[in-house]
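Take a look at the letters that make up each chain.
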Amino acid sequence: EALEGMHDKWAQRALELAKKNGGIYNKAAQFVATLQAGAGDKVIPKQYIETLRVLTDKAPHQHIDVMRPLFQAEFGKEAEEVFASIDPEPIAAASLAQVHIATTKEGRKVAVKLQYPHLQDQLASDFTVFHMLGSQIKPGGFDLTWVVKDFREALTMELDFRGEAKNAQQTKANFSHRPYVAVPDVVEELTTARVLTMEYVEGMARCNDPVALKKLGFDPLDVATKLSDTFAEMLFCTGFLHGDPHAGNVYARKGADGKAEIVVLDHGLYHPVDEKLRRDLCAFVLACATRDSRRMHELGQQFAGPLHHYFPLILSPWFIFGSRLRAEDIQAAREKRMPPGVDLKEIGKFLVNLHDSSGNILGVLHSMGYTRGLLQSANFPEKLRLRSMVKFAALGLYRGEGGRMSAGAQIQLHLCLLYVELLAVLIAVLSVVARALQHPAGKMAALAIAGAAVAWVGGRLWEERSHFADALQMHAFQVM
């Protein structure tokens with residue numbers, strides 16, 4: 001209880017600090033609030049996650065009178081000359097800007113994102129402090145000031161809303177074939193470096209709020225599946241990855257067909273993934289799913305250097321079965337301590353290797369952490385998340401012209417999906433067997449569970465036979 005009380009106290013202190021200082025402090029708090037990503041409150045106590053979550057879209061906002069000089073600076077006009085009307089109360093506020101509902105001179109309802117007027121001056125001083133602290137903190141002797149430098153570069157890109165407008169338009173084009181993905185239209189003539197005007201989207205609900213989703217008539221599992229598919233395709237197929245997919249930037253709404261659409265907002269930060277990294281990540285996910293240890297080792301060395309054994313676990317804890325971890329490594333993980341033989345110097349090498357590798361792997365992991373945390377908060381099963389990853393990794397690696405996959409590639413995809421099913425069974429069986437062995441009749445119970453698991457696996461193989469048969473028949477027809 002004392003520990004819980006301490007977490008409550010310091011989580012509230014952290015929130016107050018972020019609210020008071022704003023800008024970069026709010027940004028850091030947002031990241032902490034989404035760091036569940038598989039580890040949950042074993043790494044980040046739930047008090048911090050729940051307390052800081054408010055900053056994803058309800059950060060402290062500025063009075064409209066404070067924001068008015070922005071219109072003169074950007075358009076040379078007063079707000080009422082630019083828009084027919086603008087609501088003085090913002091509908092959302094985050095680390096860099098707040099959003100108001102407005103009506104254009106033509107009568108169109110829009111959402112106007114206004115950057116805080118003095119933000120750029122404030123960030124300059126904040127980053128000076130961060131850089132000074134970073135230069136003095138050298139874990140394992142490694143200079144990690146590049147973390148502050150990279151953060152500054154990313155934030156600088158977010159401060160130019162014209163770049164955000166281009167990112168939104170590119171993502172909209174990338175997903176034009178997916179009717180369940182919605183990106184609001186940009187109103188270009190009312191967009192500048194510090195003012196972004198977009199189509200206003202009504203009737204939205206957070207993707208991790210089952211009560212709100214059910215009120216709209218949606219199945220929360222269907223929404224989470226579409227969300228998972230969207231960001232898996234974004235990474236493995238388009239190579240243009242949203243860098244800030246927390247709960248305040250991804251919503252669901254009712255589409256024209258009455259079904260759920262995923263609305264993707266805030267396109268200020270994107271991680272371009274070069275073609276080699278994109279294909280290597282696709283191959284790595286498929287290798288992890290099929291427990292291809294040789295390929296995992298080869299690509300893992302490329303991604304993570306000396307700590308390549310642990311890289312699969314960053315993608316999913318279920319990939320532990322192909323990562324050649326020792327019993328003492330797993331025991332160390334259970335006890336929340338560093339694995340034997342790994343010290344701060346090794347961690348430094350790991351981070352430096354990720355930073356120096358080509359293709360922006362750190363940006364990819366940053367975005368995947370956000371998405372995974374969001375899906376976990378929506379209680380999305382890990383098996384279904386892996387199915388999304390495997391499906392789009394296979395599509396990203398094997399698709400041909402027109403986005404189609406050959407019969408051989410389809411067989412490979414079905415095999416990978418079957419391996420995901422087997423992983424799910426293995427996880428479930430080991431968990432139940434471990435509990436059963438704690439009881440006097442545990443051995444008999446464990447044998448019965450193992451027998452049932454074998455029968456289930458046989459049933460799954462039998463169900464999948466039609467997929468293999470169809471794909472093989474298609475392949476034979478193509479050869480003829």
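The sections below set out a description of the structure shown in this document. Please read all numbers here as calculations on a predicted model, not as lab measurements.

Of the pairings in the sheet, the one linking strand S7 (residues 205–206) to strand S9 (residues 250–254) comprises two bridges and is antiparallel in character. Pairing of Ala205 across the sheet is with Ala252, part of S9. Relative to strand S10 (residues 260–264), S9 is paired through five bridges, and the arrangement is antiparallel. Note that in S10 the partner of Val250 across the bridge is Val264. The antiparallel pairing of S9 with S10 creates a hairpin that spans five residues between the two strands, and Gly258 there sits at a positive phi of about 85°.

Summed over all chains, the structure comprises six aromatic pairs. Arranged with centres 6.3 Å apart and planes meeting at 85°, the rings of Phe71 and Phe83 form a pair that is edge-to-face. Highlighted residues: Phe71 in helix H5 (residues 69–75) and Phe83 in the loop between helix H6 (79–82) and strand S1 (85–86), separated in sequence by twelve residues. Both residues of the pair, Phe71 and Phe83, belong to the buried class.

Before going further, it helps to examine empty space enclosed by the protein. As enumerated under the stated definition, the model contains three cavities of 30 Å³ or more in all. What the largest cavity holds in volume is close to 160 Å³. Forming the walls of the largest cavity are 14 residues, and the residues nearest its centre are Phe231, Ala232, Met368, Thr371 and Met389. Across the lining of the largest cavity, the residue classes break down as eight nonpolar, four polar and two charged.

Moving on, we come to the nonpolar core. Within the largest apolar cluster, 68 residues are counted, with the highest numbers of intra-cluster contacts made by Phe236, Phe303 and Val390. The element that contributes the greatest number of residues to this core is helix H12 (residues 275–289), accounting for ten residues. By size, the runner-up hydrophobic cluster in this structure holds 24 residues, among which are Ala93, Tyr116, Leu119 and Leu159.

Attention now moves to the packing of H12 against helix H13 (residues 293–304). Across the interface, H12 lies against H13 with an axial gap of 9 Å and an inter-helix angle of 140°. Here H12 is positioned oblique relative to H13, judged by the angle of their axes. Relative to H13, H12 is oriented so that their crossing is left-handed. Residues Lys276, Leu277, Asp280, Leu281, Ala283, Phe284, Ala287 and Cys288 of H12 touch H13, and the partners they reach there are Arg295, Met296, Leu299, Gly300, Gln302 and Phe303. Classifying every residue of the contact of H12 with H13 by side-chain character gives nine nonpolar, two polar and three charged.

Take helix H11 (residues 220–238) next. An α-helix turns once every 3.6 residues. As a result, residues three or four positions apart point the same way. Helix length check: H11, at 19 residues, gives a terminal C-alpha distance of 26 Å against a target of 27 Å (1.5 Å per residue), a fit within 8%. Along H11, 15 of the 19 residues are buried, which leaves the element largely enclosed by surrounding structure. With a side-chain oxygen lying 3.0 Å from the backbone nitrogen of Leu221, the N-terminal cap of H11 falls on Asp219. Immediately beyond the C-terminal end of H11, within one or two residues, lies Gly239, with a positive phi of roughly 70°.

Take the layout of surface pockets next. One number sums up the size of the second largest pocket: a volume of about 750 Å³. If you trace the second largest pocket, you find 40 residues lining it, with Ala92, Val99, Gly248, Asn249 and Leu265 closest to the centre. Of all the elements in the fold, those that place two or more residues in the lining of the second largest pocket are helix H2 (24–33), strand S2 (92–93), strand S3 (97–103), strand S4 (109–115), helix H9 (161–174), strand S6 (195–199) and S7. Looking at the lining of the second largest pocket residue by residue, the class counts come to 20 nonpolar, ten polar and ten charged.

So, how was this worked out
- Residues numbered from 1 in each chain as written.
- Predicted model: local features only at pLDDT ≥ 70, side-chain atom pairs only at ≥ 80, totals over all residues.
- Heavy atoms only, no water.
- Pairing = 2+ DSSP bridges.
- Helix = DSSP H or I, 4+ residues; strand = E, 2+ residues; numbered from the N terminus.
- Phe/Tyr/Trp six-rings, centres within 6.5 Å; stacked < 30°, edge-to-face > 60°.
- Buried < 20%, exposed > 50% of the residue type's maximum accessible area, 1.4 Å probe, protein only.
- 1 Å grid on protein atoms, 1.4 Å probe; cavity = no way out; pocket = protein on both sides within 12 Å on 5 of 7 lines; lining within 4 Å.
- Points joined across faces, edges and corners; volume = space filled by probe spheres on them.
- Nonpolar A, V, L, I, M, F, W, Y, C, P; charged D, E, K, R; others polar.
- Core = buried A, V, L, I, M, F, W, Y, C linked by side-chain atoms within 4.5 Å.
- Axes fitted to C-alpha atoms, helices over the stretch in contact; angles between N-to-C directions.
- Parallel < 35°, antiparallel > 145°, perpendicular 65-115°, else oblique.
- Left-handed = near helix turned anticlockwise from the far one by under 90°.
- Contact = heavy atoms within 4.5 Å.
- Expected span 1.5 Å × (residues − 1).
- Polar contact = N/O pair within 3.5 Å; in protein donor to acceptor, adjacent residues only side chain to side chain.

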